[in-house]
Amino acid sequence: MVLNEEILQEDAAIAFLADTVEPICAAYVSRQYGEMFRCMGDVPTIRRFTDKAQLRVDMDHLVALRDNGTIGEVIDHLKATRRPRLSGRVTEREDEIAKLGPQPTEEEPKSLRRHRELRVVPYRELVAVVDFINGYTPFATQHSVKGAEFENVLVILSGGWNQYNWPRFLDYFTTGNVPAKDQAGYYRARNLLYVALSRPKKRLAVLATQTLNENALTSASHLFGQESVIELPMDG
């Protein structure tokens, strides 16, 4: 399974880990314990030194699992420690899997099958997606840069998001002959591409990672100049 922004917003487990567990871990690592307890919601009962020591052990193990464990191992750790408690929807999915057994069945819903797949994904992939969305990388999504300007801009037109089909958009761009069923997607792609292409102050590069047909290549030449359109060799 490939984690992306769309899955982050739609999947209950990923949303819980990103919106609750990650802020808790960030607060713990930076020793902002008040913020950590606020994010937990249920403040752990600490009456004795041993309670405090156990909390530290649990949190240290959670932080280690972020680097070396899977999403399933993190969820299992949270089920055992309840620091923080799993959300209701995540608990329901875990209970359903426990009832059905370790192997997927033909009758189980797609959401449950995806949860099984999610459990074996390295947790560090989730951390990378969260960091990307929060702006901790030198890259940004096209949606997040509206109004901003940069010296140099690399625009990557890729697949993996069903809201945008860049080869199809470029195929239609020159002729303007857009079927009615594709018009909403065409104008959505056109508007987003305009935002991306208008961000650079000096240099712009556009990388299309999908195969373009002749009409699409003609559109690229029309937009950027024929001398600027370069075909890159593909491995294999």
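These figures come from a predicted structure and were not determined experimentally. (Residues numbered from 1 in each chain as written. Predicted model: local features only at pLDDT ≥ 70, side-chain atom pairs only at ≥ 80, totals over all residues. Heavy atoms only, no water.)

**Some remarks on the overall build of the chain**
For step 1, the next point in the chain: Within the chain one finds 11 helices and 2 strands.
For step 2, the next point in the chain: Across the 236 residues of the chain, 35% fall into the buried class.
For step 3, the next point in the chain: A fraction of 65% describes how many contacts in the chain between residues 6 or more apart in sequence connect residues 24 or more apart. (Helix = DSSP H or I, 4+ residues; strand = E, 2+ residues; numbered from the N terminus. Buried < 20%, exposed > 50% of the residue type's maximum accessible area, 1.4 Å probe, protein only. Contact = heavy atoms within 4.5 Å.)

**Things to note about a nonpolar patch on the surface**
For step 1, the next point in the chain: On the surface, a nonpolar cluster with roughly 480 Å² of combined accessible area is contributed by L154, I156, L207, I230 and L232.
For step 2, the next point in the chain: Structurally, L154 is set in strand β1 (residues 150–157).
For step 3, the next point in the chain: Assessed through its relative accessible area of 49%, L154 is described here as partly exposed. (Patch = residues over 30% accessible without salt bridge, like charges linked within 9 Å, V, L, I, M, F, W, Y side chains within 5 Å. Areas by Shrake-Rupley, 256 points an atom, 1.4 Å probe, with all protein chains shown as cover. Salt bridge = Lys/Arg side-chain N within 4 Å of Asp/Glu carboxyl O.)

**What to know about the packing of helix α2 (residues 12–29) against helix α4 (residues 49–68)**
For step 1, the next point in the chain: Where α2 meets α4, the closest approach of the two axes is 11 Å, and the angle between their N-to-C directions is 115°. When the interaxial angle is binned, α2 and α4 end up roughly perpendicular. Regarding α2 and α4, the two cross each other, and that crossing is left-handed. Two secondary-structure elements touch here, α2 through V21, E22, I24, C25, Y28 and V29 and α4 through R56, M59, D60, L62, V63 and R66. (Axes fitted to C-alpha atoms, helices over the stretch in contact; angles between N-to-C directions. Parallel < 35°, antiparallel > 145°, perpendicular 65-115°, else oblique. Left-handed = near helix turned anticlockwise from the far one by under 90°.)

**Concerning the packing of α4 against helix α5 (residues 71–81)**
For step 1, the next point in the chain: Where α4 contacts α5, the two axes come as close as 10 Å, and the packing angle between them is 170°. When the axis of α4 is compared with that of α5, the two are roughly antiparallel. Contacts from D58, H61, L62 and L65 of α4 reach α5 at E73, V74, H77, L78 and T81.
For step 2, the next point in the chain: Looking at the contact of α4 with α5 residue by residue, the classes come out as 4 nonpolar, 3 polar and 2 charged. (Nonpolar A, V, L, I, M, F, W, Y, C, P; charged D, E, K, R; others polar.)

**Quick word on the environment of R83**
For step 1, the next point in the chain: Tracing the chain through its elements places R83 in the loop between α5 and α6 (88–100).
For step 2, the next point in the chain: Residue R83 is classed as buried on the basis of its relative accessible area of 15%.
For step 3, the next point in the chain: Taking the C-alpha atoms as reference points, R83 and I24, separated by 59 residues in sequence, lie 9.4 Å from one another.
For step 4, the next point in the chain: Reaching out from R83, the side chain makes a polar contact with the side chain of D58 at a distance of 2.8 Å. (Polar contact = N/O pair within 3.5 Å; in protein donor to acceptor, adjacent residues only side chain to side chain.)

**A closer look at helix α9 (residues 166–173)**
For the α-helix, the turn length of 3.6 residues means that residues three or four positions removed from each other point alike.
For step 1, the next point in the chain: The buried fraction of α9 is high, at 6 of 8 residues.
For step 2, the next point in the chain: What α9 keeps buried is the set W166, P167, F169, L170, D171 and Y172.
For step 3, the next point in the chain: Buried residues in α9 make contact with β1, α10 (183–197) and α11 (214–224).
For step 4, the next point in the chain: Capping the start of α9 is the job of one residue whose side-chain oxygen sits 3.0 Å from the backbone nitrogen of R168: N165.

**Observations regarding the side chain of E108**
For step 1, the next point in the chain: Residue placement: E108 occurs in the loop between α6 and α7 (110–119).
For step 2, the next point in the chain: Other than its neighbours up to four places away in sequence, E108 contacts L100, R113 and R116.

**Re the environment of S30**
For step 1, the next point in the chain: Positionally, S30 belongs in the loop between α2 and α3 (33–40).
For step 2, the next point in the chain: A relative accessible area of 37% places S30 in the partly exposed class.
For step 3, the next point in the chain: Of note is the side chain of S30, whose polar atom sits 3.2 Å from the backbone oxygen of A27.

**Structural notes on the packing of aromatic side chains**
For step 1, the next point in the chain: A full pass over the atoms with the stated rule returns 6 aromatic pairs.
For step 2, the next point in the chain: Residues Y186 and Y187 carry aromatic rings whose centres are separated by 5.1 Å and whose planes lie at 80° to one another, so their mutual orientation is edge-to-face.
For step 3, the next point in the chain: Its relative accessible area of 9% is what places Y186 among the buried residues.
For step 4, the next point in the chain: Among the aromatic residues, those joined into a ring-pair cluster are Y164, W166, F169, F173, Y186 and Y187.
For step 5, the next point in the chain: The ring of Y164 has R188 lying over it, and the distance from NZ or CZ to the ring centre is 5.7 Å. (Phe/Tyr/Trp six-rings, centres within 6.5 Å; stacked < 30°, edge-to-face > 60°. Lys NZ or Arg CZ within 6 Å of the ring centre and 35° of its normal.)

**Some thoughts on the confidence of the model for the chain**
For step 1, the next point in the chain: Put simply, the chain has an average pLDDT of 83, and 84% of its residues get 70 or more.
For step 2, the next point in the chain: Mean pLDDT in the chain bottoms out at helix α1 (residues 5–10), which sits at 51, and peaks at α5, which reaches 95.
For step 3, the next point in the chain: Overall, residues 1–8 carries pLDDT values under 50, and its contacts beyond four positions in sequence, including any with other chains, amount to 30 contacts. (pLDDT = per-residue confidence, 0-100.)

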